[in-house]
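# Structural overview
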Amino acid sequence: MNNDSLSQQWFSKFKSICVPLLEKSQLSAGTVAAVLPLLSSLESTLLDAGQTGFTLSQSLVSYIFFPLSTILRRNDLSAIPDQVLEKIFGVLAILCETWWWSCDTLIWDQIFKLCSSIIGGVEGKGKGKIRDDETKEAAARCLWAIVRQRRLEEAPQDLPGGLLRDRSQQFMPVLGQTINTLLLTAKSPHLPLQRISLKILHALISVYASEQFLPSILPGVVSSMAKIKGLEALEPVIVKSLGDEVCIREDFINLADDPTVNPKPPDLPPYLTPRTSSWLRASASQLHIALNSLTPLVNHPTPLALVALSSFSRAILASTHLTLPQSRPLLFSFPEVCWPSASDARLPLLQALLEISKENLSSLPRSIVSQDDTKVEHIAGQIEAICLLATSSSTSSTGLGLPSISLGIDTLLGPTGGIEKWGYTLLSVLEFTSPQVNVSQDSVAQLLLEDNADNPDTVNFPEAMLKNVLARSTRDALARMLRALGRISGENCIYAVEWFVSTGRYSRTNNAVAALWCAARLLEGISGFSLDEGGMAISSGPRSRKLERFARGLARDLAELWDEEPDFNSQSDITRTDRHTDDSLLTTEFTKGFKTIRATLQVAEPRATVPNLSDDQPILHKIFCLQLLSISAGILQARYASVLIQVLYPILHSIVSPTPHLSLTGLATLHFVSAVMSYASPANLLLSNFDYALDSVSRRLSRRWLDVDATKVMAVLVRLVGADVVQKAGDVVEECFDRLDEYHGYDVIVQGLVGVLGEVIKVIEEGQDDMQSLTITYSLEPLFEWLTHRNDLPPQEDTTDYGPAPRKAWGNTEGASDKTQSDQPKVAEDAEPAPTPGQALAKQMVSRSIYFLTHASPVIRARILNLLSSATPVLSESALLPSIHQAWPFILNRLNDAEPFVVSAAAGLVESLVTHVGSFMGRRVWDDVWPRFDSILKKLDVSDHQNALTRRGYGAVGTESAYTHSHRLYRSTLRTMTAAVAGVHMQDTSGWQVILAFRRFLHKQAHEELQACARELYAALAKGNGDAVWLALMATCGRLTGEVAILREYKWDIRDNVCLILNE
């Protein structure tokens, strides 16, 4: 088919649509319904023609445009419905794709103004009609079709006219109004309209707006685009308004630094702004503020946004090197900016990097105190990136000369860097707080060691919270920044670490705590490792002597802080008095809420009171000191042994702290030091240096130097070392009893020392359990021997009766036998094996501790009774019974003690004795203990009615909780009598008393544990005198009549337990 026939065919299709559309060009309520399908059909036909490759001729385009223009001319624009306008703009957008090359200028202007009026809601005179977003989007797409820049390759072959390039000055007001309208629609929540508006803005500013016109629209475009981050439209308006090329062409850029010279601006129309030096300074300052608002895009999660920001930065840097010098560091800080590689760009690049570092360090405190986490993280990331850039350039030849950055950082952190000025400013905004956790009576480290003291899981250093920094990523960014500064500076940074340590050593204020934290992070950077990595990840490479000497001195100085009494009343540092002389270092105050108005006649402001020292600041001070001790251990590694005698006590003292944060830090420090010194576990470290640790504790239990926490340190030392401490425990026991003799009048010291002895007993008991398990293993050897020979034939025996004949050889056998026996040592058949070291220690502790059973403090009396209870299963009868026999009157007196917990501890001791040495305690229980138990049961029966924890209900017995002293006393009494009944024959009178006294615990309303103990007691009683048990229990249930009916108890329901006992 030739072109003429094809054109005629498409003309017929368009004619069938355009003629009815022209007939109904006068819109009314009845014709709108017919016009909409025709416009839709016209749009679909144009799309079909474009898909087939058919090119509309100019005459055919004019033919199709005529009915559309007729509708627009014959009807008031505000009376045309939105749906009709949307279809018309859709058809016009398709037509303009081809018509743009040959369209008349007048028609182009009319379409431009029509689209602009619909988008801006200005139709004719007045405000006009407010169109919906879909109609505005259609108008914007039509406007985009006539303003977008086209390439010559897109032009038709029979192009009759030229490209529309320049616009006259009469068109500038219309262009300005259109740009103002598009700035408003660019903020629309309708995303398609927002996107097309930004594309049109970029085209209008890049192609149609002249260089003289752009300064007039610069403030509005920058303000609007900075709010919505419209980088596509922001880039051309900055480059064409403030670019180096246009400013040099107008010959005023050299006057930017000379405000006295003010040339006369040229005569321009009122809507144009002349470029002058004052205009350049003002515009550059305002533009810098707008560019600074783009900083949050650095952390944008979308890669497309980061690429756009990088492209925008490169374009601005390349075009405004002379006009925007103050914005160069900010633009260089944006991600993935391409660094110039030419040799003549080295100096500007280095200057920009140094300016970035200087500006970021000065603005970091202000950003921290304003709680702008995003800005703080961005600044810290920039400084870290500069340090990494300098580090990488020092090991590779890039030709950029970036090692000079390292020299600048060395100067900043060195003696001439002015750390006394910027350091205090940074410390004033870093306020640390402890995390909000629950505090228990025992330290968290002791709770972690409760079940697995030998090999607990790896303990990480807990984090401290920054008051002005909320996000964890921001805190990590600040720490990485300081590590990067220390890493790039190396040993030159030691001066800064010394300054921070000296600032924080002699005070407990917020600034002192922050100074120690900064020192720890810088020292991590110098050392090349982080505490978060753990001790096993540290390389064993060589360290410089200067760094090792500094680490050794730092460890000794910090360890001395645990020996000093800090002056918590000093709330400020003396050396900070010179800060007020420099106005540039004034502290930025960030407040919330309303400012209080003083309704007084005083002219002067009231003097600010010194803030009270927070309770957690001394704790945080010790925490960061422990971190510094750990870092120094990582530096010295195996050579850290020379300072362990000073360092071990501070670490162990922190472990026993009741503050969870400090306790966990102490345990983490112990693990870290053990790992870097190549010990398999903390127990091995403490065992190898046990003399150091014990000596440090002993020095703090002298008359010249008394620390009440030293006993806790000794206890946790024994617990950490474990069973291996038996080899060294003799010194511990001797030390404890020496101090008991010296400080027996101080309850706190005595309690702590008795606690240490209790820990030793626990360790000895664990070691004895291990020996018993080994003994059980060895005792299986006879079984294995029998299994090997179980199928062998029995030996042949001579059963012949030879009558009266000698069975042995003739000779003096008696003399030889006596001589042989005289040569061998005589061993008693009942001789016991020699006691183990653990048993010898336990015997010594028992024999020397019984004198404290009469101590004035009830707590100490209870602790001694518990100690004797723990030692009972450890010692043999020959080692234990002499001491118990000597202390028996004191033990009986403790059963009549005024304090319930002492009575409970005494009952526990009697229970342990009856269980392990029943033959010795049999008659003593019936003669001495049972009468006292009977009296105790009667007293408890009365006191339970006054206890708030007593079980409620008819005939209820005992308390609700299993942790009350009365419940423990009931349990010990039941178990003691059970063991006594099973071990010794009881008298009928005493047995009957026991049967009647413990019936209450068979009540189903009693505690389950007491019911179980009572069933065991009655089961043991039934083995010795089953008839008496049956008689008493059946009579209590009401099953018997007669004289025993008086034993009936209606308030106790014991039938279920009685059935269980009798069925056994």
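Residues numbered from 1 in each chain as written. Predicted model: local features only at pLDDT ≥ 70, side-chain atom pairs only at ≥ 80, totals over all residues. Heavy atoms only, no water.

### With respect to the overall build of the chain
- Helix and strand counts for the chain stand at 42 helices and two strands.
- Across the 1064 residues in the chain, those meeting the buried criterion constitute 48%.
- Look at the contacts in the chain between residues 6 or more apart in sequence, and 77% of them connect residues 24 or more apart.
- Carbon and sulfur atoms make up 53% of the accessible area of the chain, which totals about 54,100 Å². (Helix = DSSP H or I, 4+ residues; strand = E, 2+ residues; numbered from the N terminus. Buried < 20%, exposed > 50% of the residue type's maximum accessible area, 1.4 Å probe, protein only. Contact = heavy atoms within 4.5 Å. Areas by Shrake-Rupley, 256 points an atom, 1.4 Å probe, with all protein chains shown as cover.)

### Some details on the confidence of the model for the chain
- Mean pLDDT for the chain: 76, with 76% of residues reaching 70 or above.
- Here helix H33 (residues 813-823) stands out as the element of the chain with the lowest mean pLDDT, 50, in contrast to helix H24 (residues 617-636), whose mean of 91 is the highest.
- Throughout residues 393-401 the model reports pLDDT below 50, and contacts reaching past four residues in sequence, or to other chains, amount to nine contacts.
- Confidence over residues 771-777 falls short of pLDDT 50; this stretch has zero contacts with residues more than four positions distant or in other chains. (pLDDT = per-residue confidence, 0-100.)

### Quick look at empty space enclosed by the protein
- Enumeration over the complete set of coordinates arrives at four cavities of 30 Å³ or more.
- Along the walls of the largest cavity sit Leu361, Leu364, Leu413, Trp422, Leu426, Met481, Leu482, Leu485, Phe500 and Leu522, which together make up its complete lining.
- Elements represented by at least two residues in the lining of the largest cavity include exactly helix H15 (346-369), helix H18 (419-427) and helix H20 (472-489).
- With three residues, H20 is the single largest residue contributor to the lining of the largest cavity.
- Of the residues assigned to the lining of the largest cavity, the class counts are 10 nonpolar, no polar and no charged. (1 Å grid on protein atoms, 1.4 Å probe; cavity = no way out; pocket = protein on both sides within 12 Å on 5 of 7 lines; lining within 4 Å. Points joined across faces, edges and corners; volume = space filled by probe spheres on them. Nonpolar A, V, L, I, M, F, W, Y, C, P; charged D, E, K, R; others polar.)

### Some details on unusual backbone geometry
- In this structure, Lys229 is a non-glycine residue whose phi angle is positive, near 55°.
- Its relative accessible area of 29% is what places Lys229 among the partly exposed residues.
- Residue Gln371 is not a glycine yet carries a positive backbone phi of 60°.
- Mapped onto the secondary structure, Gln371 falls in the loop between H15 and helix H16 (373-394).

### Notes on the side chain of Arg999
- Topologically, Arg999 is positioned in the loop between helix H40 (988-997) and helix H41 (1008-1037).
- For Arg999, the side chain forms a polar contact with the side chain of Thr1036, separated by 2.7 Å.
- If we skip the residues at most four places from it in the chain, Arg999 touches Tyr1018, Thr1036, Leu1047, Glu1049, Trp1052 and Ile1054. (Polar contact = N/O pair within 3.5 Å; in protein donor to acceptor, adjacent residues only side chain to side chain.)

### Examining the packing of helix H23 (residues 545-559) against H24
- Between H23 and H24, the shortest axis-to-axis distance is 9 Å and the interhelical angle comes to 145°. Along this stretch, H23 crosses H24, giving a crossing that reads as left-handed. Seen from H23, the contacting residues are Leu547, Glu548, Ala551, Arg552, Leu554, Ala555 and Leu558; seen from H24, they are Cys625, Leu628, Leu629, Ser632, Ile635 and Leu636.
- For the contact of H23 with H24, the per-class residue count stands at 10 nonpolar, one polar and two charged. (Axes fitted to C-alpha atoms, helices over the stretch in contact; angles between N-to-C directions. Left-handed = near helix turned anticlockwise from the far one by under 90°.)

### Points about the packing of helix H21 (residues 494-505) against helix H22 (residues 510-527)
- Put simply, H21 and H22 touch, their axes get as near as 8 Å, and they point 155° apart. The angle between H21 and H22 falls in the class roughly antiparallel. You can see that H21 and H22 cross each other, and the crossing is left-handed. Between H21 and H22, the contacting residues are Ile494, Ala496, Val497, Phe500, Val501, Thr503 and Gly504 on the first element and Ala512, Ala515, Leu516, Cys518, Ala519, Leu522, Leu523 and Ile526 on the second.
- Taken together, the residues that form the contact of H21 with H22 break down as 13 nonpolar, two polar and no charged. (Parallel < 35°, antiparallel > 145°, perpendicular 65-115°, else oblique.)

### As for helix H38 (residues 918-943)
- Taking 1.5 Å per residue as the helical rise, H38 with its 26 residues ought to reach 38 Å, whereas the 31 Å between its terminal C-alpha atoms falls clearly short.
- The largest bend in H38 is about 60°, located at Val925.
- Residues of H38 that are buried: Phe920, Met921, Gly922, Arg924, Val925, Trp926, Val929, Trp930, Phe933, Ile936, Leu937 and Leu940. (Expected span 1.5 Å × (residues − 1). Bend = angle between axes of the 7 residues up to and from the residue.)

### Notes on the environment of Asn893
- One can find Asn893 in helix H36 (residues 877-894).
- For Asn893, a relative accessible area of 40% corresponds to the partly exposed category.

### As for the nonpolar core
- Leu430, Phe432, Leu478, Tyr640 and Phe998 are the most contacted members of the largest nonpolar core, which totals 202 residues.
- With 14 residues, H41 is the largest single contributor of residues to this core.
- Not counting residues within four places of it along the chain, the set of residues in contact with Tyr640 comprises Ala555, Leu629, Ser632, Ala633, Val647, Val673 and Met677.
- Of all hydrophobic cores here, the second largest spans 101 residues; its members include Leu21, Val221, Ala233 and Phe312. (Core = buried A, V, L, I, M, F, W, Y, C linked by side-chain atoms within 4.5 Å.)

### A short note on the side chain of Ser117
- Summarising the element assignment, Ser117 is placed in helix H5 (residues 105-120).
- Using a relative accessible area of 15% as the deciding quantity, one classes Ser117 as buried.
- Of the polar contacts made by the side chain of Ser117, one reaches the backbone oxygen of Leu114; its length is 2.7 Å.

### A closer look at the packing of aromatic side chains
- Taken as a whole and judged by the stated rule, the model has 12 aromatic pairs.
- Seen in terms of ring centroids, Trp499 and Phe500 are 5.1 Å apart; in terms of plane orientation they differ by 75°. Their pairing is edge-to-face. Of the two residues examined, Trp499 and Phe500, each falls in the buried class.
- On the basis of an interplanar angle of 35° and a centroid distance of 5.9 Å, the ring pair of Trp930 and Phe998 is categorised as tilted. (Phe/Tyr/Trp six-rings, centres within 6.5 Å; stacked < 30°, edge-to-face > 60°.)

### Some remarks on the pattern of salt bridges
- Going through the model one piece at a time under the given rule, you end up with 23 salt bridges.
- A salt bridge links Glu548 to Arg639; the shortest N-O distance between them is 2.6 Å. Separated by 91 residues along the polypeptide, Glu548 in helix H23 and Arg639 in the loop between H24 and helix H25 (644-655) bring together distant segments of the chain.
- With relative accessibility at 11%, the residue Glu548 sits in the buried group.
- Note that Arg975 is salt-bridged to Glu911, the shortest N-O span being 3.7 Å. Of this pair, Arg975 sits in helix H39 (residues 965-983) while Glu911 sits in helix H37 (residues 900-916); the two residues are 64 residues apart in sequence, bridging distant segments of the chain.
- Classification of Glu911 by relative accessible area gives buried; the value is 15%. (Salt bridge = Lys/Arg side-chain N within 4 Å of Asp/Glu carboxyl O.)

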